Amino acid sequence: MTNSKRKDVVIIGGGPAGLNAALVLGRARKKVLLCDGGTRRNLMAEQIHGFVTRDGTPPMEFRRIAREQLRPYEGVEVRDVGISSVERIASGFRVVLAGGDAVECRRVLLTTGLVDERPDLPGYRELWGKSIFACPYCHGWEVRDRAFGVLATSAMLLDFSLFLTGWSRDVVAFTQGGLEVPAEQRQRLERAGVRLEPRRIRRLVPHGEHLEAVELEDGTRVAREVLFAHPHQRQTELVQRLGLALDEQGFVRINERMETSAPGIHAAGDLTTRLQSAIVAASAGFQAAAMINHALNMENADAGFPSEG
Ligand SMILES: Cc1cc2nc3c(=O)[nH]c(=O)nc-3n(C[C@H](O)[C@H](O)[C@H](O)COP(=O)(O)OP(=O)(O)OC[C@H]3O[C@@H](n4cnc5c(N)ncnc54)[C@H](O)[C@@H]3O)c2cc1C
């Protein structure tokens, strides 16, 4: 294996977490390969919000600027390719890229994000990121005071309906038939002016790229401009195959060194937390990179810098 195929760190995933980690490790003079492949969760979003200096930036523009800022750091290589597998070897890890190329490294950083599983609801796919949102911090301001709907299929999501009244006082909670709403919760919703709609949704009615109404199973149309939903999320295939310990909500468990249950494999960003935003992921990428770099510098110093010998 040639030297260029031996890296200090392979970062898997080129969203805010991976890109920020590459920046920190590049500046710390580490040899880094960042690989990005697969689908991007926020691809359908028009703009990133809530990230100071980047408020309103389209996600692809964010990634372009980040990659441009990595260019001066000659230790950082970026490739648009998915990672198929990660195997432990005596000197660390062997990481196999889609296509069969392989790279050896001392540490792996997973920044693969999550996969949103969309409900089987006609119109949902087309409107996701345009009129259907998960996070009011990301999109609430742009749609303030509009007619909100919430896919409120659990008690937690009913609370979320109450929370959304901070952005609009016109909120309808669609409970999709199956949810028992206790009297006390009903009173709280009534007090806040949140209307409950127990009938099942047949489809979402678009007007161009935007939501016009929620059509119920009996054909009634409830005029709504925005729908908030929390689709089920799962880990990527690669992370599932690694068999890492997950918490009760399915996020990858990490310790204070941002290390997973597999020593030497670290993780940062959405795959580890419910607090999902670009700035939080970028910050976690910084932290993970700093932890990894600290460990590598100490290992090098204690071993008398073997790679320079
Ligand atoms: C519709 C929508 C709108 C959003 N809007 C905002 C907003 O306005 N403001 C905000 O702060 N946040 C927003 N978010 C959340 C934000 O996008 C995420 O919190 C953030 O992107 C997480 O960063 P990350 O680096 O952890 O993961 P991601 O950005 O998801 O990046 C993970 C990357 O890893 C890649 N990958 C996965 N598996 C592999 C593999 N095996 N090999 C190689 N690469 C792999 C994926 O293709 C992806 O590019 C939005 C999310 C969505 C879904």
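Before any of the text, the structure's been laid out above.
Residues numbered from 1 in each chain as written. Predicted model: local features only at pLDDT ≥ 70, side-chain atom pairs only at ≥ 80, totals over all residues. Heavy atoms only, no water.

Within the chain, the secondary structure is distributed over eight helices and 17 strands. Expressed as lengths along the three principal axes of its C-alpha atoms, the size of the chain is roughly 75 × 35 × 35 Å. Within the chain, buried positions represent 48% of all 309 residues. Carbon and sulfur atoms make up 51% of the accessible area of the chain, which amounts to about 15700 Å² in all. (Helix = DSSP H or I, 4+ residues; strand = E, 2+ residues; numbered from the N terminus. Buried < 20%, exposed > 50% of the residue type's maximum accessible area, 1.4 Å probe, protein only. Areas by Shrake-Rupley, 256 points an atom, 1.4 Å probe, with all protein chains shown as cover.)

As a further point, take unusual backbone geometry. In this structure, threonine 53 is a non-glycine residue whose phi angle is positive, near 75°. Along the chain, threonine 53 turns up in the loop between strand E2 (32-35) and helix H2 (59-70). For threonine 53, a relative accessible area of 67% translates into the label exposed. At aspartate 145, a position not held by glycine, the phi torsion is positive, near 65°. When you line up the elements, aspartate 145 lands in the loop between helix H4 (136-139) and strand E9 (148-151). When its relative accessible area of 65% is taken as the criterion, aspartate 145 is described as exposed.

Attention now moves to helix H6 (residues 183-192). Helical geometry: 3.6 residues make up each α-helical turn, so side chains three or four residues apart lie on a common side. Taken residue by residue, H6 has Gln185, Leu189 and Ala192 as its buried positions. All buried residues of H6 fall inside an arc of 65° around its axis, so they share one side. Of the residues in H6, the exposed ones pointing more than 90 degrees away from the buried face are Ala183, Glu184, Glu190 and Arg191. In the core, the buried residues of H6 are packed alongside helix H5 (155-163) and strand E11 (195-197). In the stretch just after H6, glycine 193 is the one whose phi turns positive, near 80°. (Arc of directions from axis to C-beta. Contact = heavy atoms within 4.5 Å.)

The strand order across the open sheet built from three strands is E12-E13-E14, with neighbouring strands paired in antiparallel fashion. The open sheet has two free edges, formed respectively by strand E12 (201-207) and strand E14 (221-223), since each of these has just one partner strand. For this sheet the average axis-to-axis angle between neighbouring strands, irrespective of direction, equals 30°. As paired strands, E12 and strand E13 (residues 210-216) are joined by six bridges and run antiparallel to one another. Residue pairing in the sheet places leucine 204 in a bridge with valine 214 of E13. (Pairing = 2+ DSSP bridges. Axes fitted to C-alpha atoms, helices over the stretch in contact; angles between N-to-C directions.)

Right, let's get into the sheet that holds E11. In space, the five strands of this open sheet follow the order E8-E15-E9-E10-E11, with parallel pairing throughout. Whereas interior strands pair on both sides, the edge strands pair on one side only; in this sheet they are strand E8 (132-133) and E11. The pairing of E9 with strand E10 (residues 171-174) spans four bridges and is classified as parallel. What sits directly across from glycine 149, in E10, is valine 172. H5 rests against E9, E10, E11 and strand E15 (226-228) of the sheet, and its axis sits at about 165° to E9.

Our next topic: the nonpolar core. Ile12, Ile83, Val86, Val95, Val108 and Leu110 are the most contacted members of the largest nonpolar core, which has 24 residues in total. Within the residue set of this core, elements represented by two or more residues are strand E1 (6-12), E2, strand E4 (83-89), strand E5 (92-97), strand E6 (102-110), helix H7 (237-242) and strand E17 (265-267). Residue contributions to this core peak at four residues, all from E6. Leaving out residues up to four positions away in the same chain, isoleucine 12 has contacts with Cys35, Ile83, Val86, Val108, Leu109, Leu110, Thr111, Thr112 and Leu238. (Core = buried A, V, L, I, M, F, W, Y, C linked by side-chain atoms within 4.5 Å.)

Another aspect to go through is the environment of leucine 19. Take leucine 19: it is sitting in helix H1 (residues 16-27). The spacing of leucine 19 and alanine 98 is 79 residues in sequence and 20 Å in space, taken between C-alpha atoms.

What follows covers the pattern of salt bridges. Counting across every chain of the model gives 25 salt bridges. Between arginine 221 and glutamate 215 there is a salt bridge; the shortest N-O distance is 3.1 Å. Given a relative accessible area of 45%, arginine 221 falls into the partly exposed group. For glutamate 215, a relative accessible area of 6% gives the class buried. A single salt-bridge network, built from bridges that share partners, covers Asp8, Arg106, Arg107, Glu256, Arg257, Glu259 and Glu299. (Salt bridge = Lys/Arg side-chain N within 4 Å of Asp/Glu carboxyl O.)

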